[in-house]
Amino acid sequence: MKRIVIITGASRGIGRACALYFGRRKDCVAAVGFRHPEALSEVCEAVREAGGEACAILEDLAQPGAAERVLRACEERFGAPDILVSNAGVSAVRLFQDGTDEATEALMETNLTSAIRMARAAVKRMLPRHEGRILFVSSVFGITGASMEAEYAASKGALNALAKSLAKELAPSGIAVNALAPGAIDTDMNACLSEEDRALLEEEIPFGRMGTPEEAAEMAGLILDAPLYLTGAVIPFDGAWT
Ligand code: NAD
């Protein structure tokens, strides 16, 4: 049966790979992004070529009201979502004391507040049907913490707590909520690494390399296909890095 899947941050990286994964499963993908409209259109085309259906939804999720607009656009095109992959996120690498209140606010709006708003808007549509699945893409840094990425790690730790809390609240309603916590995945988010830093990082990872977006998407797919009893889990995916 075709499922209706909302994926945020679908224009590139892990979100794009997730969109293609569900496309190959012939699902209906509501692909959400905002900074790269052409890339988002290309992702939708690739989903259709893979046998799925797709629509592009352009929204800056950091804006109030965006989550409801995304859900309404998804309902108009496909119907209420069966699955939400809340993946949109930004990183910030800096010394803690070099941050500003404005930068902190922007990071939290994108990484945490928008995920809360998206989940709330989705849950409202899932509750009447007594079924649904939500996956937050957090980070191993949300478990371990990370030097030079304190605010990012804090936003991801909060997402992990959100997943666990919602899982408890929503289990009686047939809605499973989990978090996928990737280690280092080879996407544009890590494009800022110099060759030397990248080599050092890969040396630290027992698997010897970063994960690929396709591997992360496959893992997301497995979690979303698991028995509903898998809920409230924060699942590291890091090649034994942490
Ligand atoms: P990426 O930068 O390639 O993609 C991020 C996506 O989020 C983009 O599509 C971007 O347009 C979207 N986005 C950002 N701000 C948005 C906003 N305000 N509204 C709508 N969309 C927005 O990064 P990625 O590596 O694919 O990261 C995906 C997720 O995985 C992020 O949440 C990231 O924190 C997490 N993650 C990544 C890594 C890694 O090493 N790449 C590791 C752990 C966790």
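Above this text you will find the structure in question.
The paragraphs below set out a description of the structure included in this document.

The rules we used
- Residues numbered from 1 in each chain as written.
- Predicted model: local features only at pLDDT ≥ 70, side-chain atom pairs only at ≥ 80, totals over all residues.
- Heavy atoms only, no water.
- Helix = DSSP H or I, 4+ residues; strand = E, 2+ residues; numbered from the N terminus.
- Polar contact = N/O pair within 3.5 Å; in protein donor to acceptor, adjacent residues only side chain to side chain.
- Contact = heavy atoms within 4.5 Å.
- Near = heavy atom within 4 Å.
- Areas by Shrake-Rupley, 256 points an atom, 1.4 Å probe, with all protein chains shown as cover.
- Nonpolar A, V, L, I, M, F, W, Y, C, P; charged D, E, K, R; others polar.
- Buried < 20%, exposed > 50% of the residue type's maximum accessible area, 1.4 Å probe, protein only.
- Pairing = 2+ DSSP bridges.
- Right-handed = clockwise from strand over helix to strand, strands pointing away.
- 1 Å grid on protein atoms, 1.4 Å probe; cavity = no way out; pocket = protein on both sides within 12 Å on 5 of 7 lines; lining within 4 Å.
- Points joined across faces, edges and corners; volume = space filled by probe spheres on them.
- Axes fitted to C-alpha atoms, helices over the stretch in contact; angles between N-to-C directions.
- Parallel < 35°, antiparallel > 145°, perpendicular 65-115°, else oblique.
- Left-handed = near helix turned anticlockwise from the far one by under 90°.

Positioned with a positive phi, His130 is a non-glycine residue whose angle comes to about 60 degrees. Tracing the backbone shows His130 in the loop between helix H4 (101–126) and strand S5 (132–137).

Once that is clear, we can look at the side chain of Asn178. Here Asn178 is to be found in strand S6 (residues 175–182). A polar side-chain atom of Asn178 sits 3.2 Å from the main-chain amide nitrogen of Gly232. A distance of 2.9 Å separates the side chain of Asn178 from the backbone nitrogen of Ala233, its partner in a polar contact. Those residues within four positions of Asn178 in sequence are excluded, and the remaining contacts are Ile134, Leu135, Phe136, Ala163, Ile223, Leu230, Thr231, Gly232 and Ala233.

Right, let's talk about the site of the ligand for a bit. Within the structure, the ligand sits among 29 residues, and Ser11, Arg12, Asn87, Tyr152 and Thr187 are positioned closest to it. Within the contact set of the ligand, an oxygen atom lies 2.6 Å away from a side-chain nitrogen or oxygen of Tyr152. Within the backbone of Ile185, one N or O atom sits 2.8 Å away from an oxygen atom of the ligand. Here the ligand, which alone exposes 820 Å², has 97% of that area covered by the protein. Of all the secondary-structure elements, those providing two or more residues to the shell around the ligand are helix H1 (13–24) and helix H6 (150–170). Looking at the shell around the ligand residue by residue, the class counts come to 12 nonpolar, 12 polar and 5 charged.

Moving on, we come to the pairing of strand S4 (residues 83–86). Every regular strand shows the same layout, with side chains that alternate between the two sheet faces. Side chains Ile83 and Val85 project from S4 onto one buried face, and the interleaved Leu84 and Ser86 project onto a second face that is buried too. Note: strand S1 (residues 4–8) against S4, 3 bridges, orientation parallel. If you follow Ile7 over to S4, its bridge partner there is Val85. In terms of strand pairing, S4 meets S5 through 4 bridges, oriented parallel. Bridged to Ser86 within S5 is Phe136. Taken together, S4, H4 and S5 constitute a β-α-β crossover, and its handedness is right-handed.

Below, the discussion takes up empty space enclosed by the protein. Taken as a whole and assessed by the stated rule, the structure comprises 1 cavity of 30 Å³ or more. Forming the boundary of the largest cavity are Thr8, Leu61, Ser86, Ala88, Thr110, Ser114, Ala115 and Met118. For the lining of the largest cavity, the element with the highest residue contribution is H4, accounting for 4 residues. Residue composition of the lining of the largest cavity, grouped by class: 4 nonpolar, 4 polar and no charged.

What follows covers the packing of H4 against H6. Each pair of packed helices gets described by two things: the angle between the helix axes and the distance between those axes. Two elements in contact, H4 and H6, have axes separated by 9 Å at closest approach and are oriented at 15 degrees. The orientation of H4 relative to H6 falls into the category roughly parallel. Between H4 and H6 lies a crossing whose hand is right-handed. Taking contact as the criterion, the partners of Thr104, Leu107, Met108, Asn111, Leu112, Ala115, Ile116, Ala119 and Val123 in H4 are, on H6, Glu151, Tyr152, Ala154, Ser155, Lys156, Ala158, Leu159, Leu162, Leu166 and Leu170. For the contact of H4 with H6, the residue count by class is 14 nonpolar, 3 polar and 2 charged.

Size it by volume and the largest pocket reaches roughly 1,200 Å³. Lining the largest pocket are 45 residues, with Val90, Ser91, Tyr152, Thr187 and Met189 sitting closest to its centre. Contributions of two or more residues to the lining of the largest pocket are made by H1, strand S2 (28–33), H6 and helix H7 (195–204). Residues that form the lining of the largest pocket fall into these classes: 21 nonpolar, 16 polar and 8 charged. The space that makes up the second largest pocket amounts to roughly 150 Å³. Taken together, Met1, Arg3, Asp82, Ile83, Glu131, Gly132, Arg133, Gly174, Leu224, Asp225 and Leu228 make up the full set of residues lining the second largest pocket.

The analysis is restricted to geometry; functional conclusions fall outside its scope.
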